[in-house]
Protein chains: 2
Amino acid sequence: MAQGTIGDSEFDRDTAVTARAGEPGVFDARLSEGWTILRAVNGGYLLALTARALGAVLPHPDPFTVTAHYLTPSEPGPAVVRTEVIRTGRTMSTGSARLLQTDAEGREVERLRVTASYGDLAALPDDVRTTAKPFAIPPYEHCPGGEDAPGGLPVISGSTEIAKRLDLRLDPATAGWALGTPSGRGEMRAWFGLADGRDADPLSLLLTVDALPPTAFEMGLQGWVPTVELTTHIRCRPAPGPLRVGIVTRNLAGGFLEEDAEVWDAQDRLVAQSRQLARVLLG
Amino acid sequence: MAQGTIGDSEFDRDTAVTARAGEPGVFDARLSEGWTILRAVNGGYLLALTARALGAVLPHPDPFTVTAHYLTPSEPGPAVVRTEVIRTGRTMSTGSARLLQTDAEGREVERLRVTASYGDLAALPDDVRTTAKPFAIPPYEHCPGGEDAPGGLPVISGSTEIAKRLDLRLDPATAGWALGTPSGRGEMRAWFGLADGRDADPLSLLLTVDALPPTAFEMGLQGWVPTVELTTHIRCRPAPGPLRVGIVTRNLAGGFLEEDAEVWDAQDRLVAQSRQLARVLLG
């Protein structure tokens with residue numbers, strides 16, 4: 001596999017959008033089969049693609065806060081993104097984007113509604129007064145990936161196309177579910193990279209926050225955990241090198257749970273925070 | 001002051017919206033001066049009013065996840081809410097709402113964009129497997145309110161109209177800022193009620209999550225901390241009685257910070273979680 005770089009990688013090719021001639025703010029895209037889990041297209045991939053189209057119509061380069069409402073299941077194949085510029089300001093701008101696919105009757109069906117504010121991460125002052133500390137995780141080489149896990153990690157290996165495109169290394173302390181011995185705690189931690197070595201940027205962080213197995217698996221639950229809503233704050237441009245992703249669920253109640261994710265870069269900076277509300281559909 | 005009840009209280013009257021005849025999905029409203037901090041209309045109040053209009057067009061009664069992007073400063077006076085139904089499903093529905101005011105040139109200016117999914121909290125199963133525990137806070141009677149605080153709590157007392165409508169009792173451990181001795185920690189905790197005694201419901205929780213002084217004050221910062229984006233998950237219908245609100249900021253960087261809020265009811269249930277991204281504009 002050729003080394004990926006920002007702008008020339010699997011991720012960049014598969015999130016490409018093409019402005020439709022004569023229809024300002026409308027973009028054609030193709031949802032790749034390469035980012036699926038069983039038949040479902042990964043929600044973070046869909047978000048990154050949609051945010052890329054939105055970024056093309058807003059005057060600021062970087063997503064600062066991005067909210068997605070997941071409406072109907074996406075399928076690999078053609079899609080269209082229809083954007084709306086809500087407000088442009090001096091330092092930030094806000095817009096909305098709809099990801100749509102055409103059904104068998106020829107009607108456009110909305111998959112995803114994104115509302116987001118963009119700014120310029122490079123223009124922010126350097127002040128940091130954070131009390132946040134990186135969570136503990138064993139070194140990369142001590143965390144099993146898809147190919148070398150004892151017993152295999154079914155959801156992040158063979159049956160899922162996305163596993164080929166990610167270099168995901170789970171903390172063994174949160175990988176018990178794959179061996180039939182979940183910890184019972186709503187925690188998931190991993191080293192994260194793109195398989196072709198492309199470095200992280202704000203757009204790929206939108207994939208990163210939704211790329212780990214569900215915390216519900218470590219809580220001993222099986223089945224599908226579809227996202228209802230996912231909000232991501234991008235706080236800093238990530239440095240080159242592997243990322244660490246930690247996800248915590250505190251409250252499973254009434255068939256819903258939250259997943260709180262944080263992403264740290266190789267320079268120990270908190271580069272993204274996200275929270276999603278998801279349904280627990282027991283298998 | 002007459003005892004308020006759900007449906008008949010200051011909060012209900014001031015968040016009232018009136019369907020505009022002949023324009024489906026459009027509602028007239030009046031932003032009350034009663035929920036201002038200096039001249040700014042409280043963001044949680046704006047959110048509750050806008051969510052009330054959205055709830056009127058969606059088939060499900062309760063906001064489950066509500067995201068607001070704050071675009072321009074609202075002013076007391078007339079406003080209009082324009083809603084859009086995005087998708088209605090069997091158990092959940094999703095919509096969008098714009099809160100607008102007319103400027104001096106007669107143009108509609110968007111104040112707030114809300115995107116939200118609604119459901120029926122009463123229809124959820126009773127399963128709770130939460131590991132979340134209520135935070136510690138001294139008893140209600142040991143927490144100072146606006147009228148009895150040593151030295152006064154300027155932002156939640158005299159100069160702000162909203163203080164008259166809230167029964168907000170700050171944990172003394174997070175009220176040092178009001179006496180010129182902030183703790184340096186990004187934490188704010190309080191007992192919360194409406195001054196007229198109206199019980200909490202999902203709509204009023206949208207006010208609750210944005211009603212405390214900014215955590216930045218306890219970090220020793222002064223000035224304005226305008227919300228960019230606020231997402232709230234309503235997880236449970238709150239029981240009657242006072243609420244406890246805890247807000248934590250971990251990451252102040254590049255002139256932005258997050259505020260993570262959780263709201264607990266009198267039966268020790270986690271009824272709401274919220275996170276906002278806010279700018280720090282030093283005074």
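Residues numbered from 1 in each chain as written. Chains lettered and ligands numbered in written order. Predicted model: local features only at pLDDT ≥ 70, side-chain atom pairs only at ≥ 80, totals over all residues. Heavy atoms only, no water.

In the annotation of an unreviewed UniProt entry, chain A is listed under the name Thioesterase family protein and assigned to Streptantibioticus parmotrematis.

Another aspect to go through is unusual backbone geometry. A positive phi angle, close to 60°, is found at A:D268, a residue other than glycine. Within the element layout of this structure, A:D268 appears in the loop between β15 (256-264) and β16 (270-279). Owing to a relative accessible area of 46%, A:D268 belongs among the partly exposed residues under this scheme. Its identity as a non-glycine residue notwithstanding, B:L38 has a phi of 55°, on the positive side. Of note, B:L38 is situated in the loop between β3 (36-37) and β4 (40-41). (Helix = DSSP H or I, 4+ residues; strand = E, 2+ residues; numbered from the N terminus. Buried < 20%, exposed > 50% of the residue type's maximum accessible area, 1.4 Å probe, protein only.)

With an RMSD of 0.0 Å, the operation that places chain B on chain A is a rotation of 180° combined with a shift of 0.0 Å along the axis. Here the copies are linked by what is in effect a two-fold axis. Here 100% of the contact residues of chain B are again contact residues in chain A; the copies associate through an equivalent surface. (Least-squares fit on C-alpha atoms with pLDDT ≥ 70 in both. Contact = heavy atoms within 4.5 Å.)

On to the nonpolar core. If you look at the biggest cluster of nonpolar residues, it comprises 64 residues, and the most contacted ones within it are B:L166 and B:F192. Not counting residues within four places of it along the chain, the set of residues in contact with B:F192 comprises B:L166, B:D167, B:L168, B:L207, B:T208, B:A211, B:P242, B:L243 and B:V245. Core analysis: the second largest hydrophobic core is formed by 63 residues, A:A29, A:V41, A:F217 and B:V228 among them. (Core = buried A, V, L, I, M, F, W, Y, C linked by side-chain atoms within 4.5 Å.)

Now for the UniProt feature "domain: Acyl-CoA thioesterase-like N-terminal HotDog" (unreviewed entry) in chain A. The sites that UniProt annotates as "domain: Acyl-CoA thioesterase-like N-terminal HotDog" (unreviewed entry) are residues 32-118 of chain A. Helix makes up 17% of residues 32-118 of chain A and strand 53%, and the two end C-alpha atoms of the span are 26 Å apart. (UniProt positions renumbered as here; feature names shortened; annotations may be inferred.)

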